[in-house]
Amino acid sequence: MSLSHLAPLLCLSLLSATACAETAIVLNSVDENVSFIDTRTYKETGRAPACKEPHHLMATPDDSSVIVACAISNELVFFDPRTGKEQKRIKNISDPYQLGFSPDNKWFVANSLRLDRVDLYKAADFSLVARIPAAKTPSHMAFDKASRFVFITLQDSNEVLAIDLKTREAAWKLPVGPTPAGIHMTPDDKHLLVGIMGANYVEVIDWRARKTVKKIITDKAAHNFLPKGDGRHVFVSNRSVKGSISLVDMQTLTEIEKYDVPGGPDDMEIRADGKELWATARFARKVQVVNLDQKKLSHSIPVGRSPHGVSFISHAPRL
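Cut-offs applied
Residues numbered from 1 in each chain as written. Predicted model: local features only at pLDDT ≥ 70, side-chain atom pairs only at ≥ 80, totals over all residues. Heavy atoms only, no water. Helix = DSSP H or I, 4+ residues; strand = E, 2+ residues; numbered from the N terminus. Rg over C-alpha atoms; globule rule 2.2 N^0.38 Å. Buried < 20%, exposed > 50% of the residue type's maximum accessible area, 1.4 Å probe, protein only. Contact = heavy atoms within 4.5 Å. Pairing = 2+ DSSP bridges. Axes fitted to C-alpha atoms, helices over the stretch in contact; angles between N-to-C directions. Salt bridge = Lys/Arg side-chain N within 4 Å of Asp/Glu carboxyl O.

**Q** Can you walk me through the overall build of the protein chain in this structure?
**A** For the protein chain, the helix and strand inventory stands at zero helices and 30 strands. Against the compact-globule benchmark of 20 Å for 319 residues, the protein chain has a radius of gyration of 18 Å, which places it among compact chains. Along the longest, intermediate and shortest principal axes, the C-alpha atoms of the protein chain span 50 × 45 × 35 Å. Per-residue burial for the protein chain yields a buried fraction of 59% across its 319 residues. Excluding contacts between residues fewer than 6 apart, the proportion of contacts in the protein chain whose partners are at least 24 apart in sequence is 39%.

Structure representation (structure tokens):
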């Protein structure tokens, strides 16, 4: 394994994130490892082993670590986002598929997709507090601003489940379109956006009224979300072989742009200056980079099999 990813950051200008060489961490689910990419040269510099059946990857709220969820080995692996060096492993996190921290940083939530449940842990020490049945196949999650609820998509029962974090019990379920995947709360805390992977739209839910209020047509296999960082727009990955990424205005609830991103775009990350959008192409074994000024693909970076997450520290705010 190359050790070049462990070199210190080479920042040519503190005012330009794109001029800084830093490490992008990419999770290769099938290969059970992570790739390291130099974000200035757009080249893979090395790989490191992760664990058995890693699925999702996420940064901690303070960006001090990137966490890889290991479903079969029942653990979390923490990597340094600046260097890619492994920091620690936390055992006895049962079947973690998708992860999330509540906005108040009190709760760490892990969806156990294979076991049909949602596990609640104390974020401070990752101690288990509650296990909540969540049939069938809990996938992605979103929180309200008050950290009162976590909302879970149930892929195989075509529902959204609301869990009350105060009572630590299921509060309600709402039917949605086929195979719901990603879910995102709008900045005004009013609507949930749900990627309907079995169709071609984002379902808009007024979660307080518990009803669907709109469907935003994006493209085939609407899958996951990433906020642009301006408090108004969100990217939606449409995870088909042909592939695209939509830009949705969360105030007007409309699609305003679309970019061709082949190979099954899945998880995304955006540069701090807002000029580049990175996406893992699950079916193409690549990371695709979109130049947002030119509105087209600028780089395709080969990585491992089934890349399922990308993260780097110089990203736009999660707004």
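Once you've had a look at it, read on.
**Q** Would you mind showing me how to read the sheet that holds strand S6 (residues 54-59) here?
**A** Within a beta sheet, neighbouring strands are joined by backbone hydrogen bonds and run either parallel or antiparallel to one another. What the four strands build is an open sheet, ordered S6-S7-S8-S9; its pairing is antiparallel. Sheet topology places S6 and strand S9 (86-91) at the edges, where each strand pairs with a single neighbour. Here the strands of the sheet are splayed against their neighbours by 20° on average, with no regard to which way each runs. In the sheet, S6 pairs with strand S7 (residues 66-70) via four bridges, with the strands oriented antiparallel. Counterpart to Leu 57 in the pairing with S7 is Val 68.

**Q** How do you make sense of the pattern of salt bridges when you look at a structure like this?
**A** Where charged atoms of side chains with opposite charge meet at close range, the side chains can pair. Per the counting criterion, the structure on display carries 19 salt bridges. We note a salt bridge from Arg 208 to Asp 189, for which the minimum N-O separation is 3.2 Å. With Arg 208 in the loop between strand S20 (201-206) and strand S21 (211-217) and Asp 189 in the loop between strand S18 (180-185) and strand S19 (191-196), the pair connects residues that are 19 residues apart, well separated along the chain. Linked by salt bridges that have partners in common, Asp 31, Glu 44, Arg 47 and Arg 305 make up one network.

**Q** Please clarify how the pairing of S6 should be interpreted in this entry.
**A** Working note: regular strand, side chains alternate between the two faces of the sheet. Among the six residues that make up S6, six are buried, leaving the element largely enclosed by the rest of the structure. Two successive antiparallel strands, S6 and S7, enclose a turn made up of six residues, where Asp 63 displays a positive phi of approximately 60°.

**Q** How should the environment of Asp 95 be read in this particular structure?
**A** With respect to the helices and strands, the residue Asp 95 is situated in the loop between S9 and strand S10 (98-101). Overall, Asp 95 belongs to the buried group, its relative accessible area being 2%. Spatially, the C-alpha atoms of Asp 95 and Ser 73 are 7.7 Å apart, while their sequence positions differ by 22 residues. In this view, Asp 95 contacts Ala 71, Asn 74, Asn 111, Ser 112, Leu 113, Arg 114 and Leu 115; residues no more than four positions away in its chain are not counted.

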